[in-house]
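# Structural characterization, general
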Amino acid sequence: MKTMTCKQLGGVCEKEFHANTFEEMAELSKKHAMEMFQIGDEAHLKAMNEMQELMKSPESIKAWFANKRKEFDAMT
Ligand SMILES: [Zn+2]
């Protein structure tokens, strides 16, 4: 089980996610972002906007995910 925070995954808070695979981790982070979106948390909305900007370029988002996956894999 590895731990990453919302902040480490492009978010803004210190909430921790625990997962065995990077896919699982990304899913937890996405779910958290959705919850924050629903309550209208401004800091998270801003972070999500930035992420959406990144998604406009498939190259950028691919690089971003590859980078995060590397971070995840490097953890023990
Ligand atoms: Zn968060």
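These notes cover the structure that comes with them.

Criteria and cut-off values
Residues numbered from 1 in each chain as written. Predicted model: local features only at pLDDT ≥ 70, side-chain atom pairs only at ≥ 80, totals over all residues. Heavy atoms only, no water. Helix = DSSP H or I, 4+ residues; strand = E, 2+ residues; numbered from the N terminus. Buried < 20%, exposed > 50% of the residue type's maximum accessible area, 1.4 Å probe, protein only. Contact = heavy atoms within 4.5 Å.

So, on to the side chain of His 32. Structurally, the position occupied by His 32 is in helix α1 (residues 22-38). Classification of His 32 as buried rests on a relative accessible area of 5%.

Attention now moves to the environment of Met 48. Structurally, Met 48 can be placed in helix α2 (residues 42-55). Overall, the relative accessible area of 19% leaves Met 48 in the buried class. For the pair Met 48 and Val 12, spaced 36 residues apart in sequence, the C-alpha separation works out to 9.7 Å. In this structure, Met 48 is in contact with Ala 33 and Phe 37, ignoring residues within four places of it in sequence.

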